[in-house]
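Summary of structural features
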Amino acid sequence: MADDKYPHRVGWIGTGRMGAALVARLLGSNVDLWVYNRTRAKAEPLADKGAKIVDSPAELAERDIVFTMVAGPEDVLEVTIGDEGVLSQPNSRPQIIVDSTTIDGPTSETLTERAGELGTAVLAAPVSGNPKVVKAGRLTSVVSGPMKAFETALPYLELFGRKVTYVGEGDEARLVKICHNLMLGVVTQSMAEITVLAEAAGVSRADFLDFLNDSVMGSMFTRYKTPAYVNLDFKPTFTPQLLLKDFRLGADAAREHEIPMP
């Protein structure tokens, strides 16, 4: 049973690494939460924390707010407006869908228009971080969509981490997140290349990055990545496939807005 601070019945679709971590934060605040994941077994551990696991997105139609965090555009449409999607039931639909998947403009427009026809508001709410950042309460979110829906969903979004930034009534948050991930890829690659250069000249990776991190060029991100670079820890915190998808979306956006990005 949800408490007075979080009165809405909430649904969640997609319990991958990030989704599961965020669900755990909602459950930690006693949110009334039902969960769907394509592979049910991956969602089952959340039942021990208080979630009810369902077998299809359609079973979340009676929830007030439904969050989606899935792999990509096709998955978003499948779990929302597909045959067994959360919007497929004729007499019951959520008030708000909060989509945290990084998707392209046309897909987002398709979802928003179809949901609007059915009386459901859509918020775009991409996040910045990884499961460790979520656990530390440091995740940030960027959100756009109808202001009334944003105000309703805000208490739940604030449980994700330390900062929620609202950027407009439309689809602006999608592009903000794509720009963010372009920066992520560029900085990560640059940091790797210059570290290899310093090492080739006889400077240890640890010493070079110690200097960089305490200089004006250092940042929370370079300090966060330093242990992996020093120890050659190649365990991914964000998959190359997803980053490549976001770079393609960024290149498409640059062409659309006629912005050169060599």
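Please refer to the structure higher up on the page.
Residues numbered from 1 in each chain as written. Predicted model: local features only at pLDDT ≥ 70, side-chain atom pairs only at ≥ 80, totals over all residues. Heavy atoms only, no water.

Across its twelve residues, helix H1 (residues 17–28) extends 17 Å between first and last C-alpha, which sits within 8% of the 16 Å expected from 1.5 Å per residue. Structurally, H1 contributes buried residues whose contacts are with strand S1 (9–13), strand S2 (32–36), strand S7 (127–128), helix H5 (131–135) and helix H6 (147–157). Where H1 terminates, the next one or two residues include Asn30, which has phi positive at roughly 65°. (Helix = DSSP H or I, 4+ residues; strand = E, 2+ residues; numbered from the N terminus. Expected span 1.5 Å × (residues − 1). Contact = heavy atoms within 4.5 Å.)

To continue, consider the side chain of Thr226. As for its position among the elements, Thr226 is in helix H9 (residues 220–231). In terms of polar contacts, Thr226 uses its side chain to reach the side chain of Asn213, at 2.9 Å. Separated by 2.7 Å, the side chain of Thr226 and the backbone oxygen of Thr222 make a polar contact. Among residues more than four places away in sequence, those in contact with Thr226 are Met191, Leu209 and Asn213. (Polar contact = N/O pair within 3.5 Å; in protein donor to acceptor, adjacent residues only side chain to side chain.)

This paragraph deals with a nonpolar patch on the surface. Nonpolar side chains collect at one region of the surface, where Val186, Leu244 and Phe247 lie side by side and expose about 240 Å² of accessible area between them. Relative accessible area serves as the criterion here: at 45%, Val186 is assigned to the partly exposed category. (Patch = residues over 30% accessible without salt bridge, like charges linked within 9 Å, V, L, I, M, F, W, Y side chains within 5 Å. Areas by Shrake-Rupley, 256 points an atom, 1.4 Å probe, with all protein chains shown as cover. Salt bridge = Lys/Arg side-chain N within 4 Å of Asp/Glu carboxyl O. Buried < 20%, exposed > 50% of the residue type's maximum accessible area, 1.4 Å probe, protein only.)

So, on to the environment of Val230. Note on placement: Val230 falls in helix H9. Between the alpha carbons of Val230 and Arg205 there is a distance of 5.6 Å; along the sequence they are 25 residues apart. Beyond its immediate chain neighbours, meaning those up to four positions away, Val230 contacts Arg205, Ala206 and Leu209.

Time to look at the packing of aromatic side chains. Enumeration according to the criterion identifies five aromatic pairs in this entry. Aromatic side chains Tyr6 and Tyr156 sit 5.5 Å apart centroid to centroid with 55° between the ring planes, which places their arrangement in the tilted category. Remark: Tyr156 occurs in helix H6 and Tyr6 occurs in the segment before S1; sequence separation between them is 150 residues. Each member of the pair, Tyr6 as well as Tyr156, carries the same accessibility label: buried. Through a chain of ring-to-ring contacts, three or more aromatic side chains come together here, namely Trp12, Phe67 and Phe160. (Phe/Tyr/Trp six-rings, centres within 6.5 Å; stacked < 30°, edge-to-face > 60°.)

Scanning all chains against the criterion turns up twelve salt bridges. Measuring nitrogen to oxygen at the nearest pair gives 3.4 Å for the salt bridge that ties Glu78 to Arg38. Of this pair, Glu78 sits in helix H3 (residues 73–80) while Arg38 sits in the loop between S2 and helix H2 (40–43), placing them 40 residues apart in sequence. What makes Glu78 partly exposed here is its relative accessible area of 46%. Three or more residues joined by partner-sharing salt bridges are found here, namely Arg38, Asp75 and Glu78.

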